[in-house]
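Residues per chain are reported as follows:
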Amino acid sequence: MSEVKIAAETRTEFGKGAARRIRRESKVPAVVYGHGGEPLHITLPGHELQLALRTPNVLLTLDVEGKTQLVIPKAVQRDAIKGFLEHVDLLLVKSGEKVTVEVYVHTEGDLAPGAFLLEHVLSTLTVEAEATHIPESVTVSIAGLEAGAAILAKDIPLPEGTVLAIDEDAVVLQVLAAQAEEATDDAADASTEA
């Protein structure tokens, strides 16, 4: 779990025009929610935030006018074409507080020899963990698995202090037998008529 410190500024202007002006200054408009308080509208430095968000479930320490707050990203909006950050929703957390997040499922090892395909039914796993100890990902071995094998959520080893927040019998990965595509009679007839 990585923690990144970022200086934030409160903002008083809202709307599309204000958001565009903020982005022209290479900054990102953001809102901090949580703990029953009023939402806090802030502006964050774009480049620093972009680098921080490369790490999934990053813990951010915001310095807002001398007051520090721990937050995690809840929703990130990016420009669909250029990929720059348009807006970020942040969730206020406290040390020791449990949060529900999604972590990526990574695989290690090779399937059994043969024509097998690995299907990622779920690419992320919803877990509950302490806000200051959120795992970046979980790893599961697929070594030697053959067609018909499935890995359930309960079969994935989780770091200490992390518990599943989904059905433990949910299929995460499954191994399928590769199927060869056969030429159909219609395709053969179409090529002879041309």
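Residues numbered from 1 in each chain as written. Predicted model: local features only at pLDDT ≥ 70, side-chain atom pairs only at ≥ 80, totals over all residues. Heavy atoms only, no water.

All right, on to unusual backbone geometry then. Despite not being glycine, Ser26 shows a phi value in the positive range, around 60°. Since its relative accessible area comes to 53%, Ser26 is described here as exposed. Of note, the phi angle at Glu65 is positive, near 50°, even though the residue is not glycine. Secondary-structure assignment places Glu65 in the loop between strand S4 (59-64) and strand S5 (67-78). Of the residues examined, Glu65 reaches a relative accessible area of 63% and is grouped as exposed. (Buried < 20%, exposed > 50% of the residue type's maximum accessible area, 1.4 Å probe, protein only. Helix = DSSP H or I, 4+ residues; strand = E, 2+ residues; numbered from the N terminus.)

Our next topic: the pattern of salt bridges. In this structure the tally under the stated criterion is three salt bridges. As a salt-bridge pair, Glu13 and Arg21 come within 3.4 Å of each other at their nearest N and O atoms. Judged by relative accessible area, Glu13 falls into the partly exposed class, the value being 46%. Lys154 is paired through a salt bridge with Asp169; the nearest N and O atoms lie 3.0 Å apart. Of this pair, Lys154 sits in the loop between strand S11 (150-152) and strand S12 (163-164) while Asp169 sits in the loop between S12 and strand S13 (171-177), placing them 15 residues apart in sequence. Lys154 gets classed as partly exposed once you look at its relative accessible area, which sits at 45%. Among the residues examined, Asp169 registers a relative accessible area of 42% and is labelled partly exposed. (Salt bridge = Lys/Arg side-chain N within 4 Å of Asp/Glu carboxyl O.)

To continue, consider the side chain of Thr43. Here Thr43 is to be found in strand S3 (residues 40-45). Discounting chain neighbours no more than four positions away, the residues touching Thr43 are Ala7, Ala8, Glu9, Arg11, Ile22, Lys27 and Val28. (Contact = heavy atoms within 4.5 Å.)

Turning to the sheet that holds strand S9 (residues 124-130), a few remarks are in order. Strand order in the open sheet made by the four strands is S10-S7-S9-S12, with mixed pairing throughout. Edge positions in the open sheet fall to strand S10 (137-141) and S12, since each of these has one partner strand only. (Pairing = 2+ DSSP bridges.)

One closed barrel accounts for six strands, arranged S1-S3-S2-S6-S5-S4; its pairing is mixed. Neighbouring strand axes in the sheet, compared pairwise and without regard to direction, differ in orientation by 45° on average. In terms of strand pairing, strand S2 (residues 27-33) meets S3 through six bridges, oriented antiparallel. If you follow Val31 over to S3, its bridge partner there is His41. Where helix H1 (residues 16-24) meets the sheet, it contacts S2, S3 and strand S6 (85-93), and its direction lies at approximately 120° from that of S2. (Axes fitted to C-alpha atoms, helices over the stretch in contact; angles between N-to-C directions.)

What follows is about the nonpolar core. Counting 21 residues, the largest nonpolar core has Ile72, Val99, Val101, Val105, Leu125, Ile156 and Val172 as its most contacted members. Taken together, the elements giving at least two residues each to this core come down to strand S7 (98-108), S9, S10 and S13. Per-element accounting of this core gives the leading share, four residues, to S7. Counting 19 residues, the second-largest nonpolar core is a separate cluster that includes Val28, Leu44, Ala52 and Leu90. (Core = buried A, V, L, I, M, F, W, Y, C linked by side-chain atoms within 4.5 Å.)

Another aspect to go through is the environment of Phe84. The residue Phe84 is located in the loop between S5 and S6 in this model. Overall, Phe84 belongs to the partly exposed group, its relative accessible area being 35%. For the pair Phe84 and Arg54, spaced 30 residues apart in sequence, the C-alpha separation works out to 13 Å.

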